[in-house]
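# Structural overview
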Amino acid sequence: MGTPELKIILEFSAGAELLFGNIKRRELALDGNQKWTIANLLKWMHANILTERPELFLQGDTVRPGILVLINDTDWELLGELDYELQPNDNVLFISTLHGG
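Overview of the structure. (Residues numbered from 1 in each chain as written. Predicted model: local features only at pLDDT ≥ 70, side-chain atom pairs only at ≥ 80, totals over all residues. Heavy atoms only, no water.)

## A few points about the side chain of R26
- Summarising the element assignment, R26 is placed in strand β2 (residues 25-31).
- It turns out R26 is buried and unbridged, and the closest side chain with the opposite charge, E52, is 11 Å from it.
- A distance of 3.1 Å separates the side chain of R26 from the backbone oxygen of F20, its partner in a polar contact.
- In contact with R26, other than residues within four places in its own chain, are I8, I9, L10, F12, F20 and I49. (Helix = DSSP H or I, 4+ residues; strand = E, 2+ residues; numbered from the N terminus. Buried < 20%, exposed > 50% of the residue type's maximum accessible area, 1.4 Å probe, protein only. Lys, Arg positive; Asp, Glu negative; His and termini not counted. Salt bridge = Lys/Arg side-chain N within 4 Å of Asp/Glu carboxyl O. Polar contact = N/O pair within 3.5 Å; in protein donor to acceptor, adjacent residues only side chain to side chain. Contact = heavy atoms within 4.5 Å.)

This is how it looks when you write it as structure tokens:
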């Protein structure tokens, strides 16, 4: 039997997709042998799929102010933010509220 996978969906909206190769939706199969939190996911995203201007998405170890994060349509602040442990088939949506003027 193969390595277990944790399958999740990442979505980017309102301009956040521009930082990720202009791809609005990604289905990921992460290594299921490890515990995946949002903190781990952000590090993975930075290393693997963040293609443009990381300073517009990340600030330190978290998303910068102005990026809304919804997990299964629930504000991540209600779920523990960086400590939230990803579950199979979770949908993680990043929405940018940062717009030029």
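Next comes the rest of the description.
## With respect to the sheet that holds strand β6 (residues 74-75)
- The sheet built from five strands is open, its strands ordered β2-β1-β7-β5-β6 with mixed pairing. With one partner strand each, in any of the chains shown, β2 and β6 form the two edges of the open sheet.
- As paired elements, strand β5 (residues 67-71) and strand β7 (residues 91-96) share five bridges and run antiparallel to each other. Across the sheet, the residue bridging to L68 is I95, located in β7. (Pairing = 2+ DSSP bridges.)

## Here we look at unusual backbone geometry
- In the Ramachandran plot, N22 falls in the positive-phi region, its phi being about 60° despite a non-glycine side chain.
- Tracing the backbone through its elements, the reader meets N22 in the loop between β1 (5-13) and β2.
- Here the phi dihedral of R53 falls at roughly 35°; this positive angle occurs in a residue that is not glycine.
- Structurally, R53 can be placed in the loop between α1 (38-48) and β3 (58-59).
- Judged by its relative accessible area of 47%, R53 falls in the partly exposed class.

## Here's the deal with the nonpolar core
- Among the nonpolar cores identified, the biggest contains 27 residues, and L10, I38, L41, M45, F57, L86 and F94 are the most heavily contacted of them.
- Mapped by element, the contributors of at least two residues to this core are β1, β2, α1, β5 and β7.
- Apart from the residues lying within four places of it in its own chain, the contact partners of L41 are I8, L10, L28, L30, W36, L86 and V92. (Core = buried A, V, L, I, M, F, W, Y, C linked by side-chain atoms within 4.5 Å.)

## What to know about the pattern of salt bridges
- Taken as a whole and assessed by the stated rule, the structure comprises five salt bridges.
- The residue K7 makes a salt bridge to E5 at a minimum N-O spacing of 4.0 Å.
- We note a salt bridge from K24 to E17, for which the minimum N-O separation is 3.7 Å.
- Here the salt bridges do not stand alone but share partners, grouping E11, R25 and E27 into one network.

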